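Report on the structure
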Amino acid sequence: MAQDENTTQPQPRGPPPGATAPPDHVGKPQVYEIFHGSKPEDRDGTVSRGPSEGQQQEHNQRPTISDGIKSIKSDDFLNVHQIPCARQGWMTGIGAGFVVGMGRYLTGARIPKAANWAAASFMAGSIIQFEVCRYQREEERKAMARVVEVMDRKQAEKKAKADEVARLRAEAREKAKQAEQKSWYKFW
């Protein structure tokens, strides 16, 4: 079981997907970090700059079931409760299994058949709720990224307006100083 959180530090990768160009008055746009992605790492833990030929072939191959099984660690089973949406999925699955199993038993099915229905509805309910929760979390993450982008732009616009007002006030003060320094009389 893979966890949402990477153990490696997130790498800055530029603006979020679908971001438009920043306004003209923004000198340096905000750099965002993608937390769910990772770059291929060398064995010593440093990030490689580009794939070599061997890595290129490995990267193009699709992972197999045995690769997935090899990636499972015993620690994964001890930390299931830390996976986002896992608790919600388990609780929904338990409820669905109980309701469907008892319903089948009360409608006249034998205990083994009712237990099979309960197990199947537990699995279906758990998986469906888990995936729905993950989808909602992803949509919320995308919405938050959009909000952050809009807030950054609004702050940049406010700063640009404040800079313009300060510049105009400084010019007005300079003109007032120059007007004070002019003599009140003219010879010609």
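The name recorded for the protein chain in an unreviewed UniProt entry is Cytochrome c oxidase assembly protein COX20, mitochondrial, from Pestalotiopsis fici. The heading Function (unreviewed entry) in the UniProt record of the protein chain holds the text "Involved in the assembly of the cytochrome c oxidase complex." Under Sequence similarities (unreviewed entry), UniProt gives the following word-for-word description of the protein chain: "Belongs to the COX20 family."

1. Overview of unusual backbone geometry
At C85, a position not held by glycine, the phi torsion is positive, near 75°. Turning to its location among the elements, C85 is positioned in the loop between α3 (74–78) and α4 (86–106).

2. Side note on α4
Spanning 21 residues, α4 covers 30 Å between terminal C-alpha atoms, matching the ideal 30 Å at 1.5 Å per step. By the burial criterion, the buried members of α4 are A86, G89, G93, G97 and G101. For α4, the angular spread of buried residues about the axis comes to 80°, placing them on one side. For α4, the exposed residues lying more than 90 degrees away from the buried face are R87, F98, V99 and L106. In the core, the buried residues of α4 are packed alongside α5 (111–181). Immediately downstream of α4, the backbone of G108 shows phi near 110°, a positive value.

3. With respect to a nonpolar patch on the surface
On the surface, F98, V99, M102, Y105, L106 and I111 cluster together into a nonpolar patch covering about 680 Å² of accessible area. Position of M102 relative to the elements: it lies in helix α4. Exposure remark for M102: the relative accessible area of 37% places this residue in the partly exposed category.

4. What about the packing of aromatic side chains?
How two aromatic rings sit relative to each other is given by the distance of their centres and the angle of their planes. For the coordinates displayed, the defined rule picks out 1 aromatic pair. For the pair W90 and F122, a centre-to-centre distance of 5.7 Å together with 55° between the ring planes defines the contact as tilted. Here W90 is found in helix α4, whereas its partner F122 is found in helix α5, with 32 residues between them in sequence. The exposure class of W90 is partly exposed, given its relative accessible area of 43%.

Reading the values: rules and limits
- Residues numbered from 1 in each chain as written.
- Predicted model: local features only at pLDDT ≥ 70, side-chain atom pairs only at ≥ 80, totals over all residues.
- Heavy atoms only, no water.
- UniProt positions renumbered as here; feature names shortened; annotations may be inferred.
- Helix = DSSP H or I, 4+ residues; strand = E, 2+ residues; numbered from the N terminus.
- Expected span 1.5 Å × (residues − 1).
- Buried < 20%, exposed > 50% of the residue type's maximum accessible area, 1.4 Å probe, protein only.
- Arc of directions from axis to C-beta.
- Contact = heavy atoms within 4.5 Å.
- Patch = residues over 30% accessible without salt bridge, like charges linked within 9 Å, V, L, I, M, F, W, Y side chains within 5 Å.
- Areas by Shrake-Rupley, 256 points an atom, 1.4 Å probe, with all protein chains shown as cover.
- Salt bridge = Lys/Arg side-chain N within 4 Å of Asp/Glu carboxyl O.
- Phe/Tyr/Trp six-rings, centres within 6.5 Å; stacked < 30°, edge-to-face > 60°.

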